[in-house]
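Each chain, written out:
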Amino acid sequence: MDPYILVLYYSRFGATGKMARLIARGVERAEGMEARLRTVPAVSAAVERSAPEVPESGPVYCAQDDLRGCAGLILGSPTRFGNMAAPLKYFIDGGGSIWASGDLAGKPAAVFTSTSSLHGGQETTLLSMALPLLHHGMIYCGIPYTEPALRTTTSGGTPYGASHCAGAGGDREISGEEAELCKALGQRVAEIARKLR
């Protein structure tokens with residue numbers, strides 16, 4: 001089996017999911033690496049189960065073994081008041097055994113987000129996702145300014161990770177620069193993972 005980069009995300013309205021697919025395309029630019037797209041179920045305040053074990057469509061839910069076996073990890077979430085969304089946080093919080101085993105230590109990691117406004121907390125959301133990755137001992141990978149799109153973007157894109165400004169109605173498509181930065185981030189993590197192997 002080829003080594004894979006796990007692209008793990010939560011998407012409520014679809015923009016973060018579109019970014020995940022662009023990042024996966026970037027991962028697969030790196031020779032000998034494959035992308036594995038996974039998502040997490042929504043959380044509910046109700047005590048009964050709110051989601052089926054297997055999603056009806058789209059990427060399958062992430063399992064702990066997906067995390068353990070990855071060569072690198074890229075996390076994505078929409079912004080929620082400058083923080084990652086609760087479903088992704090809930091999933092990450094359940095990874096104590098992976099932390100204890102050190103299965104992610106020394107592997108490259110990156111993050112991405114989508115927000116409705118340009119100043120909607122993109123960078124703080126990215127950093128909120130980076131914190132647990134650092135606790136796992138992962139090697140944090142941002143986007144360097146050697147990526148031309150980082151210097152020309154007028155919407156999303158940061159040195160902390162890929163980002164997208166979806167607009168108040170969520171109807172703004174991913175810009176050319178945002179798409180290039182998504183692919184560049186995926187490729188960067190995959191190439192670093194390949195070198196570390």
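All values reported here derive from a predicted model rather than from experimental measurement.

Student: Hey, could you run me through the overall build of the protein in this one?
Tutor: Across its full length, the protein carries seven helices and seven strands. Order of helices (α) and strands (β) in the protein, N terminus to C terminus: β-α-β-α-β-β-α-α-β-α-β-α-β-α. On C-alpha atoms alone, the protein measures out to a radius of gyration of 16 Å, which is about the 16 Å that the 2.2 N^0.38 rule sets for 197 residues. For the protein, the C-alpha atoms occupy an extent of roughly 45 × 40 × 30 Å along the three principal directions. Put simply, the protein has 197 residues, and 51% of those count as buried. Long-range pairs, those at least 24 residues apart, make up 75% of the contacts in the protein between residues at least 6 apart in sequence.

Student: Help me out: how do you make sense of the side chain of Thr79 in this one?
Tutor: Looking at the secondary structure, you find Thr79 in strand E3 (residues 72-80). Within the structure, Thr79 has its side chain in polar contact with the side chain of Thr115 (distance 2.9 Å). If sequence neighbours within four positions are ignored, Thr79 has contacts with Thr113, Ser114, Thr115, Gly120, Gly121, Gln122 and Thr125.

Student: Would you take a moment to explain helix H7 (residues 176-196) for this structure?
Tutor: Quick reminder: α-helices carry 3.6 residues per turn. Residues three or four places apart thus point the same way. Taking 1.5 Å per residue, 21 residues should reach 30 Å; H7 reaches 30 Å between its end C-alpha atoms and fits that length. All of the buried residues in H7 are Glu178, Ala179, Leu181, Cys182, Lys183, Ala184, Leu185, Gly186, Val189, Ala190 and Ala193. Against the buried residues of H7 lie strand E1 (4-9), helix H1 (15-27), E3, strand E5 (108-115), helix H6 (148-152) and strand E7 (162-165).

Student: Looking at this structure, I do not really get unusual backbone geometry. What am I missing?
Tutor: What you tend to see is this: most non-glycine residues have negative phi, and most peptide bonds are trans. Here the phi dihedral of Phe81 falls at roughly 55°; this positive angle occurs in a residue that is not glycine. Mapping Phe81 onto the fold places it in the loop between E3 and strand E4 (83-84). Look at Phe81 and you get exposed, because its relative accessible area is 90%.

Student: Got a minute to help me understand the packing of aromatic side chains in this structure?
Tutor: Aromatic ring pairs are defined here through the distance separating the ring centres and the angle between the ring planes. Taken as a whole and judged by the stated rule, the model has zero aromatic pairs. Seen from the ring of Tyr4, Arg36 lies directly overhead, with NZ or CZ sitting 3.7 Å from the centre.

Student: Is there a simple way to explain the pairing of E1 in this structure?
Tutor: Every other side chain in a regular strand lies on the same face of the sheet, so the side chains alternate between the two faces. By the criterion of burial, E1 is predominantly enclosed, with six of the six residues buried. Across six bridges, the pairing between E1 and strand E2 (residues 34-39) is parallel. Its bridge partner lying in E2, Tyr4 is registered against Glu34. As for the winding sense of the linkage, the β-α-β connection from E1 through H1 to E2 is right-handed. With five bridges joining them, E1 and E3 adopt parallel strand pairing. Each bridged residue has a counterpart across the sheet, and for Leu8 the counterpart in E3 is Leu75.

Quick notes on the rules
Residues numbered from 1 in each chain as written. Predicted model: local features only at pLDDT ≥ 70, side-chain atom pairs only at ≥ 80, totals over all residues. Heavy atoms only, no water. Helix = DSSP H or I, 4+ residues; strand = E, 2+ residues; numbered from the N terminus. Rg over C-alpha atoms; globule rule 2.2 N^0.38 Å. Buried < 20%, exposed > 50% of the residue type's maximum accessible area, 1.4 Å probe, protein only. Contact = heavy atoms within 4.5 Å. Polar contact = N/O pair within 3.5 Å; in protein donor to acceptor, adjacent residues only side chain to side chain. Expected span 1.5 Å × (residues − 1). Phe/Tyr/Trp six-rings, centres within 6.5 Å; stacked < 30°, edge-to-face > 60°. Lys NZ or Arg CZ within 6 Å of the ring centre and 35° of its normal. Pairing = 2+ DSSP bridges. Right-handed = clockwise from strand over helix to strand, strands pointing away.

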